[in-house]
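# A look at the structure
So the chains spell out like this:
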Amino acid sequence: MLTAGPTLAGDPAITEMQPWRRDLGDPIDDALYGMPSPFESDVTRGRVEWLTPDAYTAINFTPLHELDGIITPNGLCFQRSHAGAAQVDPAKYRLMINGLVDRPLVFTLQDLLRFPRENRTYFLECAANSGMEWRGVQMDGVQFTHGMIHNVEYTGVPLRYLLDEAGVKTAGKWLLAEGADAAAMSRSIPLEKALDDCLVAFKMNGEALRPEQGYPVRLVVPGWEGNMWVKWLRRIEVGDKPWHHREESSKYSDLMADGRTRRFTWEMDAKSVITSPSPQAPVLHGKGPLVVSGLAWSGRGTIPQVDITLDGGINWIKARLSGPSFDKSLHRFYYEFDWDGRPLLLQSRAHDSTGYVQPTKEALRKLRGVNSNYHNNGMQTWHLQSDGRVENVEIS
Amino acid sequence: MSRFLSLIIAVMLLAGTALADPLGLGRVAEPDEIAAWDIDVRPDGTGLPAGSGSVAMGEEVFVEKCAACHGDFAEGVGRYPALAGGMDTLQDERPTRTVGSFWPYLSTTYDFINRAMTVGYGEPASDDEIYAIIAYILYSNDLVDEDFVLSRENFTSIRLPNEGGFYMDDRIQTEHPLFIRPACMKNCKDEVQIIARVETAFIPADMNRDGSGKTRLAIGETLFGQCRACHQIGDGAQNGVGPVLNGIFGKPAGSNDRFDYSDAFAMMADEELVWDFDALNAFLKDPQGFIPGTTMNFTGIEEDFDRNALIAYLQAQGP
């Protein structure tokens, strides 16, 4: 209702002069590398203390509930290291290619910049993302259930060009990618994948890689589990067999209910999650127009369709995809509706370009048991309550 | 085909050829450079250096260099992994994945110790010492005798029990046929019930809350009422029947030097138990089972969520 005449009921945000209107703002030299508004200072990566032994072999989580679109800002990309984040001097950076090649080679960073480069946007998901939910609900927020993922535009040289430069011998079938950090992270990668779409990347979202993401150079292994994207990449060895190193045998392998173990579970199957509303992003505005927003992705292609349910999977509605649909990249979806304030059981369900439809967690447990730790791509359920709070739940 | 089109294709082919040809970038890697970085070891023994080490030598080296994180008997400390034990647990509710019970290849131990455990986290170790550490890990897993000596020569003759337990990813064959199918859109099930929940701790101060809305911390605080008869917590807390619990999360067990612990507890202190999440969780589930002989007169908390809430409350209390 409009009120006539002078009153004191006006919004002080309007009727009172605010400091940012009255005074000059900050001089431009104050932030030569720009930072977010101080009002956004709570938007940070977050850690779960009990999850890892210490702060060096550790992980933190992307605050998915605060983000929109498909690109993850560099400073918020979740961080996983096995021996801390190495600070590598680019002047002393070397990439060696050896093993079953005609010419074992050493490249400097400047050498890499002389190859033709490509720009491609990919998600990187840790194989253990959602791993804490295998036995049932545990984590209080999408940052912790799904935040071991980020989506970045990489600039880099196709690994194929570097391998061509060295000349892979006919017997060469596998690569060992190795990092320069104190873990000297190492993973075996089939040559076929390396020749297909792997990048040796030096930029993320247009700027140099962040130290915790492998500065100055990391491997990009599109669609495959994050551990294989070796950071601080120092060496590629060509061999005839896989190496069966620690992070591809004792870790990053999937123990099944029958006591046997799947190895080399590289691809990240199709998955999606509603990022808002979610436990850390409750509905504060009450009933009425409500935007449901979320992310979907597949390590095997694009996402042509995402479905949403409000009633725990009795009925489903197609969500609206917005933004680019890149291969092996995050896709953003929305569903807008008029919320009547009744409790809802929200889920999303991704379809990928191979026709695969994201399963329920229960369907995965039936196939794998609850001890496989990795590759939990089951559907997430959020319980939106009448007061706007959101809980992580499992439903029948 | 028109001559014009042929010309375009010829130009494209040329451009393609130019890319596939080496650019002559980089330089040849010298043998000493390759030797410095090519440290990897494979299951067939490729990459193993000359050397050997005995179980006895391994025990000394292990206690000196490894035990701080992995325990004197390779049983693991805190969330650092156990390297021994867990045989035949892979189908259990809580499997223990160790070198003996889980790892498929012994070569992985050499590669990993040399790669990541003798720098950064760990202590420098010679090739012989690494062989000795592995001999001791094998011994701790009851896989070799106490007089065993491991060397490059006999290394590949040692096969780990679970080598045959691994198989190549078969999701495409075993799972995808189940999930590549049209999705139900209407009336897909009769009813839905919530069967498990994590009551959210994220409740903004300005939110309209109904009477039932309690945070996990608040639930933990209520549960602590059961502990209050014997334990104090918070500002000015004193030891009573039980020790004060300020800052107990992350603290070594039995480390309150003003409290007279039971023998059972003192023993846990000797074994350097730390009250991390796992330890508190196990103790609060079954106090007598976790620390047999404890004088704490409490039967334990059955519900996972309640224990979680109580631990969250304990963790939130300052030192």
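Reading guide: rules and limits
- Residues numbered from 1 in each chain as written.
- Chains lettered and ligands numbered in written order.
- Predicted model: local features only at pLDDT ≥ 70, side-chain atom pairs only at ≥ 80, totals over all residues.
- Heavy atoms only, no water.
- Helix = DSSP H or I, 4+ residues; strand = E, 2+ residues; numbered from the N terminus.
- Rg over C-alpha atoms; globule rule 2.2 N^0.38 Å.
- Buried < 20%, exposed > 50% of the residue type's maximum accessible area, 1.4 Å probe, protein only.
- Contact = heavy atoms within 4.5 Å.
- Areas by Shrake-Rupley, 256 points an atom, 1.4 Å probe, with all protein chains shown as cover.
- Lys, Arg positive; Asp, Glu negative; His and termini not counted.
- Charge placed at Lys NZ, Arg CZ, Asp CG, Glu CD.
- Buried area = accessible area lost by both parts, 1.4 Å probe.
- Salt bridge = Lys/Arg side-chain N within 4 Å of Asp/Glu carboxyl O.
- Polar contact = N/O pair within 3.5 Å; in protein donor to acceptor, adjacent residues only side chain to side chain.
- Nonpolar A, V, L, I, M, F, W, Y, C, P; charged D, E, K, R; others polar.
- Core = buried A, V, L, I, M, F, W, Y, C linked by side-chain atoms within 4.5 Å.
- Pairing = 2+ DSSP bridges.
- Disulfide = S-S within 2.5 Å.
- Arc of directions from axis to C-beta.

## With respect to the overall build of chain A
- A tally of regular secondary structure across chain A gives seven helices and 24 strands.
- Relative to a compact globule of 396 residues, whose C-alpha radius of gyration would be 21 Å, chain A shows 23 Å and is just as compact.
- Over its C-alpha atoms, taken along the principal directions, chain A stretches across nearly 85 × 60 × 40 Å.
- Each of the 396 residues in chain A was classed as buried or not, and the buried ones make up 64%.
- Contacts in chain A between residues at least 24 apart in sequence constitute 71% of all its contacts with a sequence separation of at least 6.
- By element, 54% of the accessible surface of chain A is carried by carbon and sulfur atoms, the whole surface being about 15,000 Å².
- If the 43 positive side-chain charges of chain A are averaged to one point and the 49 negative ones to another, these points end up 6 Å apart.

## Observations regarding the interface of chain A and chain B
- Contacts between chain A and chain B engage 106 residues on the former and 90 residues on the latter.
- Roughly 8,400 Å² is buried in total at the junction of chain A and chain B, and carbon and sulfur atoms are behind 56% of that figure.
- When residues of chain A are sorted by the area they lose upon contact with chain B, Asp140(A), Arg263(A) and Arg389(A) head the list and together hold 9% of the total.
- Across the salt bridge formed by Asp170(B) and Arg262(A), the nearest N and O atoms sit 2.8 Å from each other.
- Counting the contacts that link chain A with chain B gives 54 residue pairs in polar contact (both at pLDDT 80 or more).
- Residues that form the side of chain A that touches chain B fall into these classes: 43 nonpolar, 29 polar and 34 charged.

## Digging into the nonpolar core
- Grouped together as the largest cluster of nonpolar side chains are 97 residues, with contacts concentrated most on Leu159(A), Leu162(A), Leu233(A) and Trp275(B).
- Beyond its immediate sequence surroundings of up to four residues, Trp275(B) is in contact with Ile248(B), Phe249(B), Gly250(B), Lys251(B), Pro252(B), Ala253(B), Phe265(B), Leu280(B), Phe283(B), Phe290(B) and Ile291(B).
- Of all hydrophobic cores here, the second largest spans 33 residues; its members include Leu255(A), Val41(B), Phe148(B) and Ile158(B).

## With respect to the sheet that holds strand β3 (residues 80–81) of chain A
Residue and element names in this part refer to chain A.
- Taken in spatial order, the three strands make up an open sheet running β1-β2-β3, and their pairing is antiparallel. In this open sheet, the two strands that pair with only one neighbour each are β1 (46–47) and β3.
- Sheet topology note: the strand β2 (residues 58–61)/β3 ladder contains two bridges and is antiparallel. Residue pairing in the sheet places Ile-59 in a bridge with Arg-80 of β3.

## Side note on the state of the cysteines
- Counted by the stated rule, this structure contains one disulfide over all chains.
- There is a disulfide in this structure between Cys184(B) and Cys188(B), and the S-S distance comes to 2.2 Å. Judged by the sign of its S-S torsion, about -100°, the bond between Cys184(B) and Cys188(B) is left-handed.
- Not part of a disulfide, Cys77(A) finds its nearest cysteine sulfur in Cys126(A), a span of 14 Å.
- In this structure Cys126(A) comes out as buried when scored by relative accessible area, which is 6%.

## Examining helix α3 (residues 55–65) of chain B
Residue and element names in this part refer to chain B.
- Along α3, the positions that sit buried rather than exposed are Val-55, Gly-58, Val-61, Phe-62 and Lys-65. Taken around the axis of α3, the buried residues stretch over an arc of 120°, which confines them to a single face. Among the exposed residues of α3, those pointing more than 90 degrees away from its buried face are Glu-60 and Glu-64.
- Looking at the packing, one finds that the buried side of α3 touches β2 (52–54), α4 (67–70) and α6 (127–140).

## Section: the side chain of His244(A)
- Tracing the backbone through its elements, the reader meets His244(A) in the loop between β13 (233–239) and β14 (254–255).
- In this view, His244(A) contacts Ser188(A), Ser249(A), Arg263(A), Phe264(A), Pro43(B), Tyr105(B) and Thr108(B); residues no more than four positions away in its chain are not counted.

Any functional reading would require information that these geometric values do not contain.
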